[in-house]
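Listed here are the chains, written in short residue letters.
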Amino acid sequence: TNGSSSSLNLLRDSPPLLSSMKLFKGGSFTRQVTPCMPVDTFLGDLYVTDCSIVRGGLQRQIMLSMTSGQGEFKAVLDFGMRPTRITGLLGSPSDIYYKGKSSNYFYNYFTL
């Protein structure tokens, strides 16, 4: 803290709830350094080393830098891209989740 002492005021009938958690390496959250993960941790799967979102006019993209046991890869995903194109760039997802009885679904890449 900033030198002042304070206490938590908790209600007896309800447990405290976590609303936010930040894990980081370094002395300051604003100047954090992401630690490198050993490649063998992901058992040959891709994992993201850098991700950025590009917005320009009507164009919106996600730019990914990834690595695996086979080397480094880069992929550019356009918002609105067809699922077959995404799997062509990233490979098969770890799982596919469907939302109820509708035709809505999303891909889950656990290591990305």
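Refer to the structure printed above.
Cut-offs applied
- Residues numbered from 1 in each chain as written.
- Predicted model: local features only at pLDDT ≥ 70, side-chain atom pairs only at ≥ 80, totals over all residues.
- Heavy atoms only, no water.
- Helix = DSSP H or I, 4+ residues; strand = E, 2+ residues; numbered from the N terminus.
- Buried < 20%, exposed > 50% of the residue type's maximum accessible area, 1.4 Å probe, protein only.
- Contact = heavy atoms within 4.5 Å.
- Areas by Shrake-Rupley, 256 points an atom, 1.4 Å probe, with all protein chains shown as cover.
- Core = buried A, V, L, I, M, F, W, Y, C linked by side-chain atoms within 4.5 Å.
- Pairing = 2+ DSSP bridges.
- Axes fitted to C-alpha atoms, helices over the stretch in contact; angles between N-to-C directions.
- Phe/Tyr/Trp six-rings, centres within 6.5 Å; stacked < 30°, edge-to-face > 60°.

Draft legend 1. Summary view of the overall build of the chain. What the chain contains, in helices and strands, is one helix and five strands. Its helices and strands taken in sequence order, the chain reads β-β-β-α-β-β from the N to the C terminus. Across the 112 residues in the chain, those meeting the buried criterion constitute 14%. Look at the contacts in the chain between residues 6 or more apart in sequence, and 17% of them connect residues 24 or more apart. Taken as a whole, the chain presents about 9,800 Å² of accessible surface, with 54% of it coming from carbon and sulfur.

Draft legend 2. Geometry of the nonpolar core. In terms of nonpolar packing, the biggest core is built from nine residues, these being Leu46, Leu64, Met66, Ala75, Leu77, Met81, Ile86, Leu90 and Tyr109. Mapped onto this core, the elements with two or more residues apiece are strand 2 (59–68), strand 3 (71–78) and helix 1 (83–90). Ile86 has contacts with Leu77, Met81, Gly91 and Tyr109, leaving out every residue within four places of it along the chain.

Draft legend 3. Quick look at the sheet that holds strand 2. The three strands lie next to each other as 1-2-3, forming an open sheet whose pairing is antiparallel. The open sheet terminates on both sides in strands that have one partner only, identified here as strand 1 (47–56) and strand 3. Sheet twist, expressed as the mean angle between neighbouring strand axes with direction ignored, is 15°. In terms of strand pairing, strand 2 meets strand 3 through eight bridges, oriented antiparallel. When the bridges of strand 3 are listed, Met66 appears paired with Phe73. Helix 1 rests against strand 2 and strand 3 of the sheet, and its axis sits at about 165° to strand 3.

Draft legend 4. Seen up close, the packing of aromatic side chains. Applying the stated criterion across every chain yields a total of four aromatic pairs. Taking 5.3 Å as the distance between ring centres and 20° as the angle between the ring planes, the aromatic pair formed by Tyr97 and Phe106 counts as stacked. The exposure class of Tyr97 is partly exposed, given its relative accessible area of 34%. Its relative accessible area of 48% is what places Phe106 among the partly exposed residues. Taken together, a centroid distance of 6.0 Å and an interplanar angle of 45° make the contact between Tyr98 and Tyr105 tilted. Here Tyr98 falls in the exposed class, since its relative accessible area comes to 58%. On the accessibility criterion, Tyr105 (40% relative accessible area) is partly exposed. An aromatic cluster of at least three residues, connected via ring pairs, comprises Tyr98, Tyr105, Tyr107 and Tyr109.

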